[in-house]
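Each chain, written out:
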Amino acid sequence: MSSEENKRALQILTAFAEGAKFQSSASNSSTTDVSAVRLLKSRRIYQKFHRGITETTDASQGKRELPDCNIASGSLAVHLEACSVLFEYLSTGIQGVLSMCNDIISGISLDQVHLPEMDIELILSCYIRLFRFHCTHGRTLPLKDTRNIVHFALEKFPDNPEFLLFYIQRESKSVLTGEIRRILDKAAQQASTPVPWIFAIYYEQLRAKSLVSVIECNDLSALVSQESRAAVTSLPVTGVVHRQCSLFERAISCPSGRLCVALWRMFMQFEVCTGN
């Protein structure tokens, strides 16, 4: 987002917190900054919204559906938390968002957040989307903090594709291959859908491509014949190929993957590519 877009978003969120109607000035090309006093008041209001979720004692609170929502967009608490997170990100930065997310996780772990499972998943999805937005714009994100958050999200919702994709994207260049495989295997065992199996296979495909690319770049000058090149590039990828074959066989043997057409098509394509 550009600076003008940030200012406009802050104005909208500030007007929402104040209960005022946002009026855009089409005549002015530049958007004015929100005053520090208004930002402070709005921040207190959004912090109150956030504490209302993490400190809820009534299980019926937050279950009111928005009257104009015709899809499963969650209760009012989800949308208030999304506004609070976005306001914190635009006003203070990513560290404030990480602190809010850790509050939510602590409240869920201590059974202090009495919201429906769908609302909890949507709130966590809101945080993950903001983390992905932050990363796609070339900004750094603490790996340790986000790793703990994604591990918790996958523990709670193992078949959520957003959580799985973000986890693989963040860990694609990591050397902790054993831990990544353990997390994906655990998600596949806990989930009731074949989604984690597909993402586990996708991770192995990315790993195989990266291994081949690294070997070809490092050893291109030293290779003098096609035979030596084939020998060098095939040996390290063998383990990844066996891993993919094992994942396919385990996936189609489980009840959720046995009838998955996409999984069978991926398996047949894999067999064709490996010459089987």
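Each value, and the rule that gives it
- Residues numbered from 1 in each chain as written.
- Predicted model: local features only at pLDDT ≥ 70, side-chain atom pairs only at ≥ 80, totals over all residues.
- Heavy atoms only, no water.
- Helix = DSSP H or I, 4+ residues; strand = E, 2+ residues; numbered from the N terminus.
- Buried < 20%, exposed > 50% of the residue type's maximum accessible area, 1.4 Å probe, protein only.
- Contact = heavy atoms within 4.5 Å.
- Areas by Shrake-Rupley, 256 points an atom, 1.4 Å probe, with all protein chains shown as cover.
- Axes fitted to C-alpha atoms, helices over the stretch in contact; angles between N-to-C directions.
- Parallel < 35°, antiparallel > 145°, perpendicular 65-115°, else oblique.
- Left-handed = near helix turned anticlockwise from the far one by under 90°.
- Nonpolar A, V, L, I, M, F, W, Y, C, P; charged D, E, K, R; others polar.
- Polar contact = N/O pair within 3.5 Å; in protein donor to acceptor, adjacent residues only side chain to side chain.
- Expected span 1.5 Å × (residues − 1).
- pLDDT = per-residue confidence, 0-100.
- Phe/Tyr/Trp six-rings, centres within 6.5 Å; stacked < 30°, edge-to-face > 60°.

Enquirer: Would you mind going over the overall build of the protein with me for this structure?
Expert: From N to C terminus, the protein includes 12 helices and 0 strands. Listing each helix as α and each strand as β along the protein from the N terminus yields α-α-α-α-α-α-α-α-α-α-α-α. Sorting the 276 residues of the protein into buried and exposed places 39% on the buried side. In the protein, once contacts between residues fewer than 6 apart in sequence are set aside, the share between residues at least 24 apart is 68%. Of the roughly 15,500 Å² of accessible surface on the protein, 56% is carried by carbon and sulfur atoms.

Enquirer: I'm lost on the packing of helix α5 (residues 117-136) against helix α6 (residues 143-156) in this one. Help?
Expert: Each pair of packed helices can be described by the angle between their axes along with the distance between the axes. At a minimum axis distance of 11 Å, the contact between α5 and α6 shows a crossing angle of 150°. With respect to α6, the axis of α5 lies roughly antiparallel. As for how α5 packs across α6, the hand of that crossing is left-handed. Residue-level contacts link E117, L124, I128 and F131 of α5 to I149, V150, F152, A153 and K156 of α6.

Enquirer: Looking at this model, I keep getting lost on unusual backbone geometry. Mind explaining?
Expert: Excluding glycine, most residues fall at negative phi; most peptide bonds, likewise, are trans. Despite not being glycine, D111 has its phi angle at roughly 60°, a positive value. Following the sequence through the fold, D111 ends up in the loop between α4 (94-109) and α5.

Enquirer: Looking at this model, I keep getting lost on the packing of helix α2 (residues 36-54) against helix α3 (residues 76-91). Mind explaining?
Expert: Remark: α2 packs on α3, axes separated minimally by 9 Å, with the N-to-C direction vectors making an angle of 140°. Looking at the two axes, α2 sits oblique to α3. Judged by the twist between their axes, the crossing of α2 over α3 is left-handed. Side by side, α2 and α3 meet where L39, S42, R43, Y46, F49, H50 and I53 of the first sit next to A77, L80, E81, C83, S84, F87 and E88 of the second. The residue makeup of the contact of α2 with α3, split by class, is 8 nonpolar, 3 polar and 3 charged.

Enquirer: Help me understand the side chain of H134 in this model?
Expert: Among the structural elements, H134 can be located in helix α5. In terms of polar contacts, H134 uses its side chain to reach the backbone carbonyl oxygen of T140, at 2.9 Å. Non-local contacts of H134, meaning those with residues more than four positions away in its chain, are made with Y89, I94, R139, T140 and L141.

Enquirer: What is the right way to look at α6 in this model?
Expert: Structural remark: α-helix, 3.6 residues per turn; residues separated by three or four positions point the same way. Taking 1.5 Å per residue, 14 residues should reach 20 Å; α6 reaches 20 Å between its end C-alpha atoms and fits that length. Listed as buried for α6 are T146, R147, I149, V150, H151, F152, A153 and L154. Where the residues of α6 are buried, they touch α4, α5, α7 (161-171) and α8 (177-190).

Enquirer: Looking at this model, I keep getting lost on the confidence of the model for the protein. Mind explaining?
Expert: Atom-level detail of predicted coordinates should not be read off regions where pLDDT is low. Averaged over all residues, the pLDDT of the protein is 83; the fraction at 70 or higher stands at 80%. Across residues 61-71, where pLDDT falls below 50, the model places 18 contacts with residues more than four positions away in sequence or in other chains. Below pLDDT 50 for its whole length, residues 223-235 participates in 8 contacts with residues either more than four positions away or in separate chains.

Enquirer: Before we go on, may I ask you to explain the packing of aromatic side chains in this structure?
Expert: Both the distance between ring centres and the angle between the ring planes are used here to describe each pair of aromatic rings. Per the counting criterion, the structure on display carries 7 aromatic pairs. Geometrically, the ring pair formed by Y89 and F133 is edge-to-face, given 6.3 Å between the ring centres and 75° between the ring planes. Separated by 44 residues along the polypeptide, Y89 in helix α3 and F133 in helix α5 bring together distant segments of the chain. Residues F248 and F267 carry aromatic rings whose centres are separated by 4.9 Å and whose planes lie at 5° to one another, so their mutual orientation is stacked. Within this pair, whereas F248 is found in helix α10 (residues 226-253), its partner F267 is found in helix α12 (residues 261-273), the two being separated by 19 residues in sequence.

Enquirer: For this particular structure, what's the right way to read the environment of L86?
Expert: Secondary-structure assignment places L86 in helix α3. Taking the C-alpha atoms as reference points, L86 and C126, 40 residues apart in sequence, are found 9.3 Å from one another.

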